[in-house]
Amino acid sequence: MKKMLIVYYSWSNGNTERVAGKLQQATGADMAKIETAVPYSGSYDDVVKQGQEEVNRGYQPELAPMEVQAADYDVIAV
C-alpha cells in the first residue's frame, strides 16, 4: 500500500483544515500543516490585503519546516 500525506494551509476559520481532516479520516493518511516562518497577524481583511499585495509582487514567504519529510511518501495531496 502506498504511503499518503495530506498537506494543507489554513489561516482563518479552519475550513481547509476540516476538509483535510475529512480526507485523512477517509484515507488513513498522515497529515501536516503548512505554516509560514513568520505568522500572519491582524484582522482577516488585513491578512487578505497583505496576501494580495504579496502575490502581486511575486513575494513568496518563507515556510516553517514541516515535522514530516515529504520524500518519505508515495502520494501527497495538497
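Notes on the structure in this doc start here. Just so we're clear, the structure is a prediction, and the values are computed from it rather than from any experiment.

**Concerning the packing of aromatic side chains**
Next up, step 1: This structure, assessed with the given rule, holds one aromatic pair.
Next up, step 2: Aromatic side chains Trp11 and Tyr44 sit 6.4 Å apart centroid to centroid with 35 degrees between the ring planes, which places their arrangement in the tilted category. A residue pair is termed long-range when its members are at least 10 positions apart, and Trp11 in the loop between strand 1 (4–8) and helix 1 (15–27) and Tyr44 in helix 2 (residues 44–56) qualify at 33 residues.
Next up, step 3: Directly above the aromatic system of Tyr73 lies the positively charged group of Lys3, at a separation of 4.8 Å from the ring centroid.

**A closer look at the environment of Val75**
Next up, step 1: Structurally, Val75 can be placed in strand 3 (residues 75–77).
Next up, step 2: For Val75, a relative accessible area of 33% gives the class partly exposed.
Next up, step 3: The spacing of Val75 and Ala32 is 43 residues in sequence and 13 Å in space, taken between C-alpha atoms.
Next up, step 4: Those residues in contact with Val75 that lie beyond four places of it in its chain are Lys2, Lys3, Met4 and Leu5.

**Points about the pairing of strand 2 (residues 30–33)**
Next up, step 1: Pairing of strand 1 with strand 2, which is carried by four bridges, proceeds in the parallel orientation. The residue of strand 2 that forms the bridge with Val7 is Ala32.
Next up, step 2: One crossover worth recording links strand 1 to the parallel strand 2 by way of helix 1, and it is right-handed.

**Quick notes on the layout of surface pockets**
Next up, step 1: In this structure, the largest pocket encloses a volume near 260 Å³.
Next up, step 2: Sorting the residues of the lining of the largest pocket by element identifies helix 1 and helix 2 as the ones contributing at least two each.
Next up, step 3: Looking at the lining of the largest pocket element by element, the count peaks at four residues for helix 2.
Next up, step 4: Class assignment for the residues of the lining of the largest pocket results in seven nonpolar, seven polar and one charged.

**Considering the sheet that holds strand 3**
Next up, step 1: Spatially, the three strands line up as an open sheet ordered 2-1-3, and their pairing is parallel. Bordering the open sheet on either side are strand 2 and strand 3, each of which pairs with just one other strand. Taking each pair of neighbouring strands and ignoring which way they run, the sheet shows an average axis angle of 25 degrees.
Next up, step 2: Its contacts with the sheet put helix 1 on strand 1, strand 2 and strand 3, and the angle it makes with strand 1 is roughly 170 degrees.

Conventions used here
- Residues numbered from 1 in each chain as written.
- Predicted model: local features only at pLDDT ≥ 70, side-chain atom pairs only at ≥ 80, totals over all residues.
- Heavy atoms only, no water.
- Phe/Tyr/Trp six-rings, centres within 6.5 Å; stacked < 30°, edge-to-face > 60°.
- Helix = DSSP H or I, 4+ residues; strand = E, 2+ residues; numbered from the N terminus.
- Lys NZ or Arg CZ within 6 Å of the ring centre and 35° of its normal.
- Buried < 20%, exposed > 50% of the residue type's maximum accessible area, 1.4 Å probe, protein only.
- Contact = heavy atoms within 4.5 Å.
- Pairing = 2+ DSSP bridges.
- Right-handed = clockwise from strand over helix to strand, strands pointing away.
- 1 Å grid on protein atoms, 1.4 Å probe; cavity = no way out; pocket = protein on both sides within 12 Å on 5 of 7 lines; lining within 4 Å.
- Points joined across faces, edges and corners; volume = space filled by probe spheres on them.
- Nonpolar A, V, L, I, M, F, W, Y, C, P; charged D, E, K, R; others polar.
- Axes fitted to C-alpha atoms, helices over the stretch in contact; angles between N-to-C directions.

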